[in-house]
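# Examination of the molecular architecture
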Amino acid sequence: PCPAVPGWVPALQLVRRGSKAVTRHWKAMHFQRQKLLAVTEYLPPRPAVPPRCLPRHAEPTHEEDGYVRLLRRQVQEVFRSSRMVAVCQYNSMPEEDVATMRHYLRKHNIEVKFVLNEIVRPVLEQSKYRNLLPLFVCRNILLVSPETRAKEMLRVLKGVPQVNLLGACIDDTILSRQGVENFARLPSLEVSQGQTVGALALLPSQTSSLLQRGPLLLTALLDEHIRRLRDTETPGEPPQEKGT
């Protein structure tokens, strides 16, 4: 640094200023003022009837949105008009795969319904399908059909790993996944009716044959006895009378 020149004042000077002294300190309020504030303090009047004795105000009821009511009516109609309602867990998949799955299911008259848990759970709680509630804990879809097409549904879902069958309600009977698979292995209704009719017709036929066996056997024995009597008689000779 250059040496200071006598008579030269720098343009910038740093001046250190000291902190101000605290001249005001806390001081207790005067006794007369305290009494004046206490006397003039506002005291609200007491109610004539205690608040606990007054009737409670009705809480404002939350009014449901019209769109929510519409969706719930649609869910009720689906369960009412469908013989088969399958609950499946839905994982994210491309739109092309969803369209393909819908196409193959629609061939067997099976529709895909995307539902929200907050819509379907209140409907199930007030219906006979309340045992299906544990299945609606994640993102679900419904596979509904007016016919019992369990075999065709399982065949299509076998090629869609993103959709997992959790359970179903078939003809007002709640079934697990294993129950649906067992139901799919059953024969068709026409075959079952034919087997039932055959089983019912077998017992009467056996009973009839058992009842007819005795008379037929007796008739056969009498015919054989008559034939032997005819064979023992001499041709042209009249039968001998007893006691002659």
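Report follows, based on the coordinates. Model, not experiment: these values are computed from the prediction.

Within the protein, the secondary structure is distributed over seven helices and five strands. A buried classification covers 21% of the 244 residues belonging to the protein.

Moving on, we come to the pattern of salt bridges. Applying the stated rule across the entire model yields nine salt bridges. Across the pair R177 and E181 runs a salt bridge, and its minimum N-O distance is 3.5 Å. Taken as a pair, R177 and E181 lie in helix α6 (residues 177-184) at a separation of four residues, close to a single helical turn. R177 gets classed as partly exposed once you look at its relative accessible area, which sits at 41%.

For the rest of this paragraph, the subject is the nonpolar core. I141, L143, M153, V163 and L165 are the most contacted members of the largest nonpolar core, which totals 24 residues. Within the residue set of this core, elements represented by two or more residues are β1 (84-90), α3 (95-107), β3 (140-145), α5 (150-157), β4 (163-170) and α6. At five residues, the largest contribution of residues to this core is made by α5. The contact partners of L165, leaving out residues within four places of it in the chain, are A86, V87, C88, M153, L154, L157, R177 and V180. By size, the runner-up hydrophobic cluster in this structure holds 18 residues, among which are V75, V78, L133 and L142.

As a further point, take the side chain of N140. Along the chain, N140 falls in strand β3. Relative accessible area serves as the criterion here: at 1%, N140 is assigned to the buried category. At a separation of 3.4 Å, a polar atom in the side chain of N140 contacts the main-chain carbonyl oxygen of C88. Among the polar contacts made by the side chain of N140, one reaches the main-chain carbonyl oxygen of L135 at a distance of 3.4 Å. Setting aside residues no more than four positions away along its own chain, N140 makes contact with V87, C88, Q89, Y90, V115, N117, L135 and L166.

What follows covers the pairing of β3. In terms of residue burial, β3 counts as a mostly covered element, since six of its six residues are buried. Covered by surrounding structure in β3 are N140, L142 and V144 together with I141, L143 and S145, the residues of both alternating faces. Here strand β2 (residues 111-114) runs beside β3; their pairing, made up of four bridges, is antiparallel. Paired with F114 across the two strands is I141, which belongs to β3.

Its 16 residues place the ends of helix α2 (residues 66-81) 23 Å apart at the C-alpha level, agreeing with the 22 Å of an ideal helix rising 1.5 Å per residue. Its buried side turned inward, α2 meets β1, β2, α4 (117-125) and β3.

Attention shifts here to the side chain of N117. By the element assignment, N117 lies in helix α4. What N117 contacts, discounting residues up to four positions off in sequence, is P122, F136, V137, C138 and N140.

Quick notes on the rules
Residues numbered from 1 in each chain as written. Predicted model: local features only at pLDDT ≥ 70, side-chain atom pairs only at ≥ 80, totals over all residues. Heavy atoms only, no water. Helix = DSSP H or I, 4+ residues; strand = E, 2+ residues; numbered from the N terminus. Buried < 20%, exposed > 50% of the residue type's maximum accessible area, 1.4 Å probe, protein only. Salt bridge = Lys/Arg side-chain N within 4 Å of Asp/Glu carboxyl O. Core = buried A, V, L, I, M, F, W, Y, C linked by side-chain atoms within 4.5 Å. Contact = heavy atoms within 4.5 Å. Polar contact = N/O pair within 3.5 Å; in protein donor to acceptor, adjacent residues only side chain to side chain. Pairing = 2+ DSSP bridges. Expected span 1.5 Å × (residues − 1).

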